Amino acid sequence: MTTGRSRRGFLRAGGGAAAAVALGSGSSGCSGDSGDTLRIVGVADQQQPVRELLALYRESRPDQSFTTSFAPTDQVQTVVRTQLAGGNAPDVHVVYPGSGSAMSMVELARTGLLTDLSAQPWTRNVPAAFDTAYRYEGRTYLYSAGSCVIGAVHNKKVFARVGVEPPTTWRELLAVCARLRARGVVPIALGAQTPWVTQLISYALVPEAVYAGNPRFDDDLAAGRTSFRDSGWADALDKYDELRRRGYFNDNPNGTTFEQQTAMVATGKAAMAVQVSAVLAAFRAAAPDPDDLAMFPFPGGDDPARPWIAAGTVVGLGVSVRAEPATPARDFVAFLGRQENIDRWAAAVFAIPFRRTASTVVDPVLEPFLPIVDADRAVPFMDQRWPNAEVQPTHLAAVQDLLSGGTDVRGALGRMDEAYGRSS
């Protein structure tokens, strides 16, 4: 799930003419034969790793010409999809893992707009568990460095002052929240005015509530053998609502933004926030001391020895099927697929590389998540298997209504079931 601070996995909105301006003004170039120019378009969250790795790539290719453009996800979704349809797409461009949006890997591969990357050596190291994120009909069309995780970003000084430790079970979580609230600290900051934030607690709870008991839930859902309403999703959303009923969120979550949520935790007004690891840089930047912040798996069950988490493939890149053979588009992606560059990209976005070696260094804040990932108890972000672009915005809106008392759990999940059944 990327941010951007929006993403397909979080939120989509219209772009229009403003998008073309943003994408055009963000370009940079180097000298060379204009006919061989490598054009790269990414989202804002990709700017740091793309530019750093492109600089390394050009050390052995000083005469190569290139342009790079970066824009918010909503704008890229509109402009690049239009360019792909019109035959003037960039050579390398942002692609979202799995399915569920017009710029997702499955949608673009299914319509013949992406180049098959399966012959590149790095593709052989992508675990089979990530097939649905990287591959369509057995072929790899997406480059992504790995997965970011959802957990609780917490203020260690606040926890120490109140005398609590990161909880490892749902019951412990409720007890910790009760102690924090009794000491006048907001237990969990929730910035639900920023729509993509609303889904994160759902995604943190669903792995335990759904996939721990039925790893094939997505297949069952697609085959009509189950539904959101008649599955563990009901338990997960009920726990989400229980946090609201107990008063463990800040006042008026629907009137609180992501930026305000971040500031609350960073300054100690709130103890924690359920967030994706990709935004850790924003939390650290807002804190007086970045070392005050850490992250732990948000517990959704009561077996501390077998926690489950959500870990979604981060937004990646694909090669347009219309990329000129003379351009180095495929070569650049092959360069990104070297292990040292997978590690560099993952480190830049607080992700866990899809393959780790003895030389891989993972940010210490992610270390509590590694044993869970290695034990195959990490579930892809749920929207990466949804069949259309309707389910996720329905989920976001339904959670906002749940927080405001405008619906109940059954009503929220019924709306998601209806959206899931619509044609893409």
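A quick note: this is a predicted structure, and the numbers were derived from the prediction, not measured.

1. Brief notes about the packing of aromatic side chains
And then number 1: Per the counting criterion, the structure on display carries 18 aromatic pairs.
And then number 2: Ring centres of Phe-258 and Phe-283 lie 6.4 Å apart, and the angle between their planes is 75°; on these two criteria the pair is classed as edge-to-face. In this pair, Phe-258 is assigned in helix α11 (residues 258-266) and Phe-283 in helix α12 (residues 280-286), connecting sequence segments 25 residues apart. Both residues of the pair, Phe-258 and Phe-283, belong to the buried class.
And then number 3: Members of the aromatic cluster, connected to one another through ring pairs, are Trp-122, Phe-130, Tyr-134, Tyr-143, Trp-345 and Phe-354.

2. Quick look at helix α7 (residues 170-182)
And then number 1: If you check α7, its first and last C-alpha atoms are 18 Å apart, about what 13 residues at 1.5 Å a residue would give, namely 18 Å.
And then number 2: Every buried residue of α7 is accounted for by Trp-170, Leu-173, Leu-174, Val-176, Cys-177 and Leu-180. End-on view of α7: buried residues confined to an arc of 165°, all on one side of the axis. Residues of α7 that are exposed and angled more than 90 degrees away from the buried face: Arg-171 and Ala-182.
And then number 3: Those residues of α7 that are buried are in contact with α6 (156-162), β8 (186-188), α8 (200-211), α10 (233-245) and β9 (270-276).
And then number 4: Phi turns positive, to about 80°, at Gly-184, one or two residues after α7.

3. Quick notes on the packing of α8 against α10
And then number 1: Interaxial distance between α8 and α10 falls to 8 Å at its minimum, and their mutual angle equals 135°. Classified by the angle between their axes, α8 and α10 sit oblique to one another. Crossing hand, α8 versus α10: right-handed. Of the residues in α10, those in contact with Ile-201, Ser-202, Tyr-203, Leu-205, Val-206, Ala-209 and Val-210 of α8 are Trp-233, Asp-235, Ala-236, Leu-237, Lys-239 and Tyr-240.

4. Describing the packing of helix α2 (residues 47-58) against helix α13 (residues 329-336)
And then number 1: Interhelical geometry of α2 versus α13 gives an angle of 110° and a closest axis separation of 11 Å. Here α13 runs roughly perpendicular to α2, going by the angle between their axes. Listed contacts from α13 to Leu-53, Leu-54, Leu-56 and Tyr-57 of α2 are Asp-331, Phe-332, Phe-335 and Leu-336.
And then number 2: Residues of the contact of α2 with α13, tallied by class, amount to 7 nonpolar, no polar and 1 charged.

5. Quick word on the pairing of strand β4 (residues 92-95)
And then number 1: In terms of strand pairing, strand β2 (residues 38-43) meets β4 through 2 bridges, oriented parallel. The residue of β4 that forms the bridge with Val-41 is His-93.
And then number 2: As paired elements, β4 and strand β12 (residues 316-319) share 4 bridges and run antiparallel to each other. Within β12, the position partnered with Val-92 by the bridge is Val-319.

6. What to know about the nonpolar core
And then number 1: Membership of the largest hydrophobic core comes to 139 residues, with the highest contact counts inside it found for Trp-233 and Met-272.
And then number 2: When residues of this core are assigned to their parent elements, the largest contribution, 8 residues, is made by α8.
And then number 3: With near-sequence residues (within four places) excluded, Trp-233 lies in contact with Ser-202, Tyr-203, Val-206, Val-210, Phe-217, Phe-228, Met-382, Trp-386, His-395, Leu-413 and Met-416.

7. Digging into the confidence of the model for the protein chain
And then number 1: Averaged over every residue, the pLDDT of the protein chain is 89; the share at 70 or more is 91%.
And then number 2: Counting interchain partners and residues more than four positions distant, the pLDDT-below-50 stretch residues 1-22 has 87 contacts.
And then number 3: Taken together, the stretch residues 24-34 has pLDDT below 50 and engages in 20 contacts with residues farther than four places along the chain or on a different chain.

Here is what the cut-offs are and how they apply
- Residues numbered from 1 in each chain as written.
- Predicted model: local features only at pLDDT ≥ 70, side-chain atom pairs only at ≥ 80, totals over all residues.
- Heavy atoms only, no water.
- Phe/Tyr/Trp six-rings, centres within 6.5 Å; stacked < 30°, edge-to-face > 60°.
- Helix = DSSP H or I, 4+ residues; strand = E, 2+ residues; numbered from the N terminus.
- Buried < 20%, exposed > 50% of the residue type's maximum accessible area, 1.4 Å probe, protein only.
- Expected span 1.5 Å × (residues − 1).
- Arc of directions from axis to C-beta.
- Contact = heavy atoms within 4.5 Å.
- Axes fitted to C-alpha atoms, helices over the stretch in contact; angles between N-to-C directions.
- Parallel < 35°, antiparallel > 145°, perpendicular 65-115°, else oblique.
- Left-handed = near helix turned anticlockwise from the far one by under 90°.
- Nonpolar A, V, L, I, M, F, W, Y, C, P; charged D, E, K, R; others polar.
- Pairing = 2+ DSSP bridges.
- Core = buried A, V, L, I, M, F, W, Y, C linked by side-chain atoms within 4.5 Å.
- pLDDT = per-residue confidence, 0-100.

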